[in-house]
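The primary structure of each chain is shown beneath.
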Amino acid sequence: MLSSAGWQVEQFSDPEKFLEYAKIHRAPVAVIDVWMPLLNGLEVQSRLREISPSTRVIIFTGKDDPRVRSTALNGGASAFLTKPVDDEELLTAIRLALACVT
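Model, not experiment: these values are computed from the prediction.

**Student:** Got a sec to walk through the pattern of salt bridges? Specific residues and values, please.
**Tutor:** Enumeration according to the criterion identifies five salt bridges in this entry. Between Glu16 and Arg47 there is a salt bridge whose closest N-O contact spans 3.2 Å. Separated by 31 residues along the polypeptide, Glu16 in helix α1 (residues 15-25) and Arg47 in helix α2 (residues 41-51) bring together distant segments of the chain. Classification of Glu16 by relative accessible area gives partly exposed; the value is 31%. What makes Arg47 partly exposed here is its relative accessible area of 32%.

Right, here's the structure in full:
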């Protein structure tokens, strides 16, 4: 879906590999699931902020926990979405995040 919207997309299942990639490539936007192997999405968000402060983060999760939402948004997430994520909602969140990239 994101590729068909005209964006170059890289997909990672390993958060450590993504963080290594982010050190070199400085992605403008990262869409991160809260629940991943090895590191959770909030840990990835925190480490990404150190590696690439200009990268905008969109967090998504299957469970809308108010504490997780608050932590993500207070940590600088551009959006916090719950699964199943509506396609238009995700596209809008990415467009808004891209508009904030400096």
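Structure shown, so let's carry the discussion forward.
**Student:** How would you explain the pairing of strand β1 (residues 29-33) if you had to name every residue and give the values?
**Tutor:** In terms of burial, β1 is largely enclosed, as four of its five residues are buried. Here five bridges tie β1 to strand β2 (residues 56-61), and the two strands are oriented parallel to one another. Across the sheet, Ile32 pairs through a bridge with Ile59, a residue of β2. Taken together, β1, α2 and β2 constitute a β-α-β crossover, and its handedness is right-handed.

Reading guide: rules and limits
- Residues numbered from 1 in each chain as written.
- Predicted model: local features only at pLDDT ≥ 70, side-chain atom pairs only at ≥ 80, totals over all residues.
- Heavy atoms only, no water.
- Salt bridge = Lys/Arg side-chain N within 4 Å of Asp/Glu carboxyl O.
- Helix = DSSP H or I, 4+ residues; strand = E, 2+ residues; numbered from the N terminus.
- Buried < 20%, exposed > 50% of the residue type's maximum accessible area, 1.4 Å probe, protein only.
- Pairing = 2+ DSSP bridges.
- Right-handed = clockwise from strand over helix to strand, strands pointing away.

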